[in-house]
Amino acid sequence: MSILTLASASTIRATLLRGAGLEIEVRPARIDEENLRESLLAEGASAHDLADALAEHKALKIAARDPAALVLGCDQILECEGQLYAKPASPDDAIAQLTRLRGKTHRLHTAAVLYAGGEPVWRHVATPRLTMRDFSDTYRDAYVARHWDEIRHCVGCYQIEGPGIRLFQRIEGDLFSVQGLPLLELLTILTQRKEIDG
């Protein structure tokens, strides 16, 4: 079985991969995500394309240093009513994001790009739709205060594998993709490529 290099610092993605029985090495890619995002948006990139491009740049950064490695890059872009959201910069920013998302349906573009032999060999973007319930200001403020250390790394300020699930009234789509990784599709391609047993 091949070792998969995860070009991400996400503990959730690492946990999902290890839970599926994969042997992984975590090597977060350092890219100028903000400038890249601004450049792509200036060129008219959609949220779908933006997530895909960011995931590819992360995988490429690691694969360029180690062409023999099997590298996975991932990214997520949250889109609601034409506005794109990034990870919250502060508790106040998290409160503002949750206020704007409350009672609405948003789309979460979850991209994964796989590099092998220094070249992209597979890519996938899943787009679950999530509807937040109309929670109270009191609940919102207490949620951010209690869980800031966990949600500060999450676009949309939630982790559905924890208390963040209580923010929602409906989720349409793959739950693994909501957590940051289209896991079933990834396992399928790894099996087809004989990178893992199957």
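What counts, and where the lines are drawn
Residues numbered from 1 in each chain as written. Predicted model: local features only at pLDDT ≥ 70, side-chain atom pairs only at ≥ 80, totals over all residues. Heavy atoms only, no water. UniProt positions renumbered as here; feature names shortened; annotations may be inferred. Helix = DSSP H or I, 4+ residues; strand = E, 2+ residues; numbered from the N terminus. Buried < 20%, exposed > 50% of the residue type's maximum accessible area, 1.4 Å probe, protein only. Contact = heavy atoms within 4.5 Å. Polar contact = N/O pair within 3.5 Å; in protein donor to acceptor, adjacent residues only side chain to side chain. 1 Å grid on protein atoms, 1.4 Å probe; cavity = no way out; pocket = protein on both sides within 12 Å on 5 of 7 lines; lining within 4 Å. Points joined across faces, edges and corners; volume = space filled by probe spheres on them. Nonpolar A, V, L, I, M, F, W, Y, C, P; charged D, E, K, R; others polar.

**Q** Help me understand the UniProt feature "active site" (unreviewed entry) in the chain, please; the structure alone is not making it clear to me.
**A** Taking the numbering used here, the UniProt-annotated feature "active site" (unreviewed entry) corresponds to Asp75. When you line up the elements, Asp75 lands in strand E3 (residues 70–80). Classification of Asp75 by relative accessible area gives buried; the value is 3%. Apart from the residues lying within four places of it in its own chain, the contact partners of Asp75 are Arg13, Glu33, Ala51, Leu54, Ala55, Lys58, His109, Thr110 and Ala111. A polar atom in the side chain of Asp75 sits 2.5 Å from the side chain of Lys58.

**Q** In this structure, what is going on with the layout of surface pockets? I would like to understand it.
**A** In this approach, a probe sized like a water molecule rolls over the atoms, and the result shows the empty space that is left. Roughly 870 Å³ of internal volume is contained in the largest pocket. Lining of the largest pocket is provided by 33 residues; of these, Ser10, Arg13, Lys58, Lys87 and His153 occupy positions nearest its centre. Contributions of two or more residues to the lining of the largest pocket are made by helix H1 (11–19), helix H2 (33–42) and E3. Looking at side-chain class alone, the lining of the largest pocket contains 15 nonpolar, eight polar and 10 charged residues.

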